[in-house]
Amino acid sequence: MTEAILLVGGKGTRLRPLTVHTPKPMVRAAGVPFLTHQLARARAAGVEHIVLATSYLAEVFEPYFGDGSALGLHIEYVTEEEPLGTGGAIRNVAGRLRSGPDDPVLVFNGDILTGLDIRALVDTHETTGADVSLHLTRVADPRAYGLVPTDGTGRVLAFLEKPQTPQEIVTDQINAGAYVFRRSVIDTIPADRPVSVERETFPGLLAAGAHLQGMVDSTYWLDLGTPAAFVRGSADLVLGRAPSPAVPGRCGDRLVLPTATVAPDAKVTGGTVVGEGAYVAEGARVSGSTILPGAVIEPDAVVTDSLIGARARVGERSVLTGTVVGDGAVVGADNELREGVRVWCDARIPAGAVRFSSDQ
């Protein structure tokens, strides 16, 4: 298995305003675009050729990664003119694949942070002779996901949409978003129209008698679809809880990138990343957060589990918890922003304008 398809075309609407100017896979996690971690892990597993299926803000990817040689890869780019869904995107890039009909092709989504043993998934695919093999993971509450029950040998029995009642929860195994396809199976996906692998391709293959194999790997797995999850994923990469060979520094309590400045008495902890050219001033406390390049955290501000966009500013004594501040936005002094607040790009919040508690 030497080639892969990486699906990076989504608009990332749940992550806005992070994705107003930046496609979701290019939002920085642990100091580099999240996509860098996926590419590096694929390379470590033996992948040499990757085709990126792009759509939203497609023009951003190639100037950053080029031909992939800096990562030891050969990267090609295919852009969808109209959104084609997961299956349609896979089929749309098939012409760039070099594999033979029976060769395995790795396919993975551009918004999943995982410790998946990629080699083990490929080995499972080859030893079982499957047409498609799926990474499955177990979750405590599977109601928000599609369920994938398997038999005692791991063979997939069904694909069940999000369960609505306790009786419908027949397994805690869910589709974790990484697959190995037999190359010839990709060619059977309809071309030039939207196709969902989850709702159309996989159930169709199962109904036709194809062999779909599941491999349960319950190591680290996180869907980075929401701002809170993205911030947590970045912190887990810095802390070493999520594995990646692309973290630009040693794992630890914080990652301060070159040209960033942290005042001697500022406290930066919990897997926080301070991006290039960013500044954390005296008395500030930042925990479990991502501070993107050029952002400023002013004196005595407290930032927890939040993401502060590029060139944004958090004013003196402001307290932010579970907050996203878009690129170029300014949160004035003495504000208090709590869980779920999103400050849009270039917005201005005056000093003392927003609070969740008394100002006394």
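See the structure shown above.
Here's what I pulled together on the structure shown here. (Residues numbered from 1 in each chain as written. Predicted model: local features only at pLDDT ≥ 70, side-chain atom pairs only at ≥ 80, totals over all residues. Heavy atoms only, no water.)

**Structural notes on the side chain of T137**
For step 1, the next point in the chain: Tracing the chain through its elements places T137 in strand β8 (residues 132-138).
For step 2, the next point in the chain: Residue classification places T137 among the buried positions, given a relative accessible area of 3%.
For step 3, the next point in the chain: Here T137 is in contact with D172, Q173, I174, A176, D217, S218 and W221, once residues within four sequence places are set aside. (Helix = DSSP H or I, 4+ residues; strand = E, 2+ residues; numbered from the N terminus. Buried < 20%, exposed > 50% of the residue type's maximum accessible area, 1.4 Å probe, protein only. Contact = heavy atoms within 4.5 Å.)

**Observations regarding the environment of V330**
For step 1, the next point in the chain: Within the secondary structure, V330 is located in strand β25 (residues 330-331).
For step 2, the next point in the chain: Residue V330 is classed as partly exposed on the basis of its relative accessible area of 23%.
For step 3, the next point in the chain: Separated by 16 residues in sequence, V330 and D346 have C-alpha atoms that sit 7.0 Å apart.

**Thoughts on the pairing of strand β4 (residues 49-54)**
For step 1, the next point in the chain: Buried residues dominate β4, accounting for six of its six residues.
For step 2, the next point in the chain: What you see with β4 is no split at all: H49, V51 and A53 on one side and I50, L52 and T54 on the other are buried throughout.
For step 3, the next point in the chain: Across five bridges, strand β1 (residues 3-7) lies against β4 in parallel orientation. Residue pairing across strands places E3 opposite H49, the latter belonging to β4.
For step 4, the next point in the chain: Sheet topology note: the β4/strand β5 (residues 74-79) ladder contains six bridges and is parallel. Residue pairing in the sheet places I50 in a bridge with I75 of β5. (Pairing = 2+ DSSP bridges.)

**Some thoughts on the pairing of strand β6 (residues 104-109)**
Each regular strand displays side chains that alternate between the two surfaces of the sheet.
For step 1, the next point in the chain: A large share of β6 lies buried, amounting to six of its six residues.
For step 2, the next point in the chain: Burial along β6 is two-sided: the residues P104, L106 and F108 and V105, V107 and N109 are all buried.
For step 3, the next point in the chain: Where β6 and strand β9 (residues 173-182) come together, five bridges link them in antiparallel fashion. Paired with F108 across the two strands is A178, which belongs to β9.

**Quick look at helix α7 (residues 227-239)**
For step 1, the next point in the chain: Between its first and last C-alpha atoms α7 spans 18 Å; for 13 residues at 1.5 Å apiece the expected length is 18 Å, and the two agree.
For step 2, the next point in the chain: Taken together, the buried positions of α7 are P227, A229, F230, V231, G233, S234, A235, D236, L237 and V238.
For step 3, the next point in the chain: At the C-terminal side of α7, G240 shows a positive phi close to 90°. (Expected span 1.5 Å × (residues − 1).)

**Describing a negative patch on the surface**
For step 1, the next point in the chain: On the surface, a cluster of negative charge is contributed by D103, D117, D123 and E126.
For step 2, the next point in the chain: Considering the arrangement of structural elements, one finds D123 in helix α4 (residues 118-128).
For step 3, the next point in the chain: The exposure class assigned to D123 is partly exposed, which follows from its relative accessible area of 43%. (Patch = residues over 30% accessible without salt bridge, like charges linked within 9 Å, V, L, I, M, F, W, Y side chains within 5 Å. Areas by Shrake-Rupley, 256 points an atom, 1.4 Å probe, with all protein chains shown as cover. Salt bridge = Lys/Arg side-chain N within 4 Å of Asp/Glu carboxyl O. Lys, Arg positive; Asp, Glu negative; His and termini not counted. Charge placed at Lys NZ, Arg CZ, Asp CG, Glu CD.)

**Points about the pattern of salt bridges**
For step 1, the next point in the chain: Counted under the stated rule, the structure contains 17 salt bridges.
For step 2, the next point in the chain: With a closest N to O distance of 3.5 Å, D102 and R182 form a salt bridge. In this pair, D102 is assigned in the loop between α3 (85-92) and β6 and R182 in strand β9, connecting sequence segments 80 residues apart.
For step 3, the next point in the chain: The exposure class of R182 is buried, given its relative accessible area of 18%.
For step 4, the next point in the chain: The residue E200 makes a salt bridge to R193 at a minimum N-O spacing of 2.6 Å.
For step 5, the next point in the chain: Look at E200 and you get partly exposed, because its relative accessible area is 33%.
For step 6, the next point in the chain: One connected set of salt bridges, linked through shared partners, spans E76, R96 and R98.

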